[in-house]
Amino acid sequence: MDYDKQQVTCPQGQVSAGWHGPYPTSSPTAAPLIVARFTKSQCRPCPARTQCTSTADSARTVGFPPRELRDLQLRVRAEQQTPEWKTRYAVRSGVESTVNEFAHGHGMRRCRYRGQGKAHIQHVLTAIAVNIERLSGLRPAEEAPIPRQPTAFQNYLDQREIPRLKSWRTLGS
């Protein structure tokens, strides 16, 4: 893309015939768009045409942001490759995945009840349910839990050599 000459050159060396815009997009929050067009006579004989366009008239149009937005886009994409950015984003990624899980997995986009108090209770109870679900999926601890000391009754049975159930946890046996 050559913003000064208002031309786009395709990978096969063809130069665009027209440059229009920037046009506002259909969304008020979306960036404006510049459109470059190639002619049918440029695209039809091209051997790479099927990789570029699938339109019936075989002419290619390319849409891209204005220079300021394109420069910003390139700078931000380069920054995203740095270890510092990836470290910062790791935290955000975890939070976003949790929000996504609540919104899509547990229907939290809509409240089932009217009123702020009831909505708050729904959110708290859903969070508790998700935490229980997450805790139940954890692997057991590597070390076995420390068994409890035998009770007086268990000591009495041991002294008299009376067998006890194996489910009773003790240190001695």
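Residues numbered from 1 in each chain as written. Predicted model: local features only at pLDDT ≥ 70, side-chain atom pairs only at ≥ 80, totals over all residues. Heavy atoms only, no water.

**Here we look at the overall build of the chain**
Moving on, step 1. Helices and strands together make up the secondary structure of the chain, namely 6 helices and 3 strands.
Moving on, step 2. Seen in sequence order, the chain has helices and strands lined up from the N terminus as β-β-α-α-β-α-α-α-α.
Moving on, step 3. Element-wise, carbon and sulfur atoms account for 55% of the exposed surface of the chain, whose accessible area totals about 14000 Å². (Helix = DSSP H or I, 4+ residues; strand = E, 2+ residues; numbered from the N terminus. Areas by Shrake-Rupley, 256 points an atom, 1.4 Å probe, with all protein chains shown as cover.)

**Description of the pairing of strand S2 (residues 33-37)**
Moving on, step 1. By the bridge criterion, 4 bridges tie strand S1 (residues 18-23) to S2 in an arrangement that is antiparallel. Each residue of the ladder has a partner; that of histidine 20, found in S2, is valine 35.
Moving on, step 2. Sheet analysis places S2 next to strand S3 (residues 61-64), joined by 4 bridges and oriented antiparallel. Pairing of valine 35 across the sheet is with glycine 63, part of S3. (Pairing = 2+ DSSP bridges.)

**Describing the packing of helix H4 (residues 83-105) against helix H5 (residues 116-136)**
Moving on, step 1. With their axes 12 Å apart at the nearest point, H4 and H5 run at an angle of 115° to one another. By the angle between their directions, the pair H4 and H5 is classed as roughly perpendicular. Like other packed secondary-structure pairs, H4 and H5 cross with a definite hand, here right-handed. Taking contact as the criterion, the partners of Thr98, Glu101 and Phe102 in H4 are, on H5, Thr126, Ala127, Val130 and Arg134.
Moving on, step 2. For the contact of H4 with H5, the class distribution of residues is 3 nonpolar, 2 polar and 2 charged. (Axes fitted to C-alpha atoms, helices over the stretch in contact; angles between N-to-C directions. Parallel < 35°, antiparallel > 145°, perpendicular 65-115°, else oblique. Left-handed = near helix turned anticlockwise from the far one by under 90°. Contact = heavy atoms within 4.5 Å. Nonpolar A, V, L, I, M, F, W, Y, C, P; charged D, E, K, R; others polar.)

**Brief notes about the packing of aromatic side chains**
Moving on, step 1. According to the stated counting rule, one finds 4 aromatic pairs in the structure shown.
Moving on, step 2. Consider the rings of tyrosine 3 and tryptophan 19, whose centres lie 5.8 Å apart with planes at 80°: the pair is edge-to-face. In this pair, tyrosine 3 is assigned in the segment before S1 and tryptophan 19 in strand S1, connecting sequence segments 16 residues apart.
Moving on, step 3. The class of tyrosine 3 is buried, set by a relative accessible area of 16%.
Moving on, step 4. Its relative accessible area of 14% is what places tryptophan 19 among the buried residues.
Moving on, step 5. Plain terms: the ring middles of tryptophan 19 and phenylalanine 64 are 5.1 Å apart, the flat faces sit at 65° to each other, and that makes the pair edge-to-face. One end of the pair, tryptophan 19, is in strand S1; the other, phenylalanine 64, is in strand S3, with 45 residues separating them in the sequence. (Phe/Tyr/Trp six-rings, centres within 6.5 Å; stacked < 30°, edge-to-face > 60°. Buried < 20%, exposed > 50% of the residue type's maximum accessible area, 1.4 Å probe, protein only.)

**Here we look at the sheet that holds S3**
Strand pairing in a sheet is mediated by backbone hydrogen bonds. Such pairs are either parallel or antiparallel.
Moving on, step 1. Pairing in this open sheet of 3 strands is antiparallel, and the strands run S1-S2-S3 from one edge to the other. Of all the strands in the sheet, the pair left with one neighbour each is S1 and S3. With direction set aside, neighbouring strand axes in the sheet form an average angle of 20°.

**A look at the environment of tryptophan 19**
Moving on, step 1. Along the backbone, tryptophan 19 and arginine 37 are 18 residues apart, and their C-alpha atoms lie at a distance of 6.6 Å.
Moving on, step 2. Tryptophan 19 has contacts with Asp2, Tyr3, Gln6, Gln7, Val8, Ile34, Val35, Ala36 and Phe64, leaving out every residue within four places of it along the chain.

**Some thoughts on the pattern of salt bridges**
Opposite charge on two side chains allows them to pair when their charged atoms are near.
Moving on, step 1. With the rule as written, the count across this model stands at 4 salt bridges.
Moving on, step 2. Between aspartate 4 and arginine 67 there is a salt bridge, with the nearest N and O atoms lying 2.7 Å from each other. Of this pair, aspartate 4 sits in the segment before S1 while arginine 67 sits in helix H3 (residues 67-79), and the two are 63 residues apart along the sequence.
Moving on, step 3. Its relative accessible area of 65% is what places aspartate 4 among the exposed residues.
Moving on, step 4. Judged by relative accessible area, which is 32%, arginine 67 ranks as partly exposed.
Moving on, step 5. Among the salt bridges present, the one from arginine 134 reaches glutamate 101, with a minimum N-O distance of 2.7 Å. Residue arginine 134 is located in helix H5, and its partner glutamate 101 is located in helix H4; the two are separated by 33 residues in the primary sequence.
Moving on, step 6. Note on glutamate 101: relative accessible area 25%, which makes it partly exposed. (Salt bridge = Lys/Arg side-chain N within 4 Å of Asp/Glu carboxyl O.)

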